[in-house]
Amino acid sequence: MPHIAVDYSATLTDTFDRQGFAQALHPLVAKIADAQVSGCKTRFRPLDEIVISDGGTDEAMIHIQVALLDGRTPGTKLELSTAVLALVREHTAATPGLTVHSSVEIRDLDRASYQRHSS
């Protein structure tokens, strides 16, 4: 924990530096959300089929969901989402003729029911 899921248009495979993004993201999340880098887990899910706006092929998307144990303030969540959005832009190369829509969601994991195990 934190659990991070990144959905991205498959058309960004060559322009979205996923490994660099995750390596920069984990210490950023740990610092802002008062978490441990060692607990950060990020998974990337390429999306082969998406429809944005009128369905043209000149648009792509990246959506990052960061799930944290509940208890962070709205201010902390806003700071984190703003920083994550800036970071994803730093790790996505411009592609002429392609508009990339990036978004971030910070959501709570319920402490009363969240369970984990490492072996």
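As a reminder, the structure under discussion sits directly above these lines.
What you see is a predicted model, and the numbers here were worked out from it, not measured in a lab. (Residues numbered from 1 in each chain as written. Predicted model: local features only at pLDDT ≥ 70, side-chain atom pairs only at ≥ 80, totals over all residues. Heavy atoms only, no water.)

(A) Structural context of the overall build of the protein chain. When its secondary structure is counted, the protein chain shows two helices and four strands. Compactness check: the protein chain gives a C-alpha radius of gyration of 15 Å against a globular reference of 14 Å for 119 residues, within 12% of the reference. Referenced to the eigenvectors of the C-alpha coordinate spread, the extents of the protein chain come out at roughly 45 × 30 × 25 Å. Among the 119 residues that make up the protein chain, the fraction classed as buried is 37%. Counting only contacts in the protein chain whose residues sit at least 6 apart along the sequence, the fraction spanning at least 24 positions is 81%. Within the structure as shown, the protein chain displays about 7,000 Å² of accessible surface, and the carbon and sulfur contribution to it stands at 50%. (Helix = DSSP H or I, 4+ residues; strand = E, 2+ residues; numbered from the N terminus. Rg over C-alpha atoms; globule rule 2.2 N^0.38 Å. Buried < 20%, exposed > 50% of the residue type's maximum accessible area, 1.4 Å probe, protein only. Contact = heavy atoms within 4.5 Å. Areas by Shrake-Rupley, 256 points an atom, 1.4 Å probe, with all protein chains shown as cover.)

(B) Region of interest: helix α2 (residues 74-90). With 17 residues, α2 should reach 24 Å at 1.5 Å per residue; the first-to-last C-alpha distance of 25 Å fits that figure. Along α2, the residues classified as buried are Leu80, Ser81, Val84, Leu87 and Val88. For α2, the arc enclosing every buried residue in end-on projection is 130°, short of the 170-degree limit, so these residues lie on one face. Opposite the packed face of α2, turned more than 90 degrees from it, sit the exposed residues Leu78, Arg89 and Glu90. Check the buried side of α2 and you find it contacts α1 (18-33), β3 (59-69) and β4 (99-109). (Expected span 1.5 Å × (residues − 1). Arc of directions from axis to C-beta.)

(C) Representation of the pairing of β4 within the structure. For β3 and β4, the ladder comprises 11 bridges, and the chain directions are parallel. Following the sheet pairing, Ala60 is matched in β4 by Val100. Once you follow β3 into α2 and on to β4, the crossover reads as right-handed. (Pairing = 2+ DSSP bridges. Right-handed = clockwise from strand over helix to strand, strands pointing away.)

(D) Focus on unusual backbone geometry. A cis amide bond links Met1 to the next residue, Pro2, at an omega of 10°. In this structure, Asp34 is a non-glycine residue whose phi angle is positive, near 55°. Asp34 gets classed as exposed once you look at its relative accessible area, which sits at 69%.

(E) Summary view of the sheet that holds strand β1 (residues 3-9). Across the sheet, four strands lie side by side as β2-β1-β3-β4; this open sheet has mixed pairing. Each edge of the open sheet carries a strand with a single partner, namely β2 (41-47) and β4. Each strand axis lies, on average, 15° off the axis of its neighbour in the sheet, ignoring direction. Here six bridges tie β1 to β3, and the two strands are oriented antiparallel to one another. Looking at β3, one finds that Val6 is bridged to Ile64. The sheet contacts of α2 involve β3 and β4, and relative to β4 the element is tilted by about 150°. (Axes fitted to C-alpha atoms, helices over the stretch in contact; angles between N-to-C directions.)

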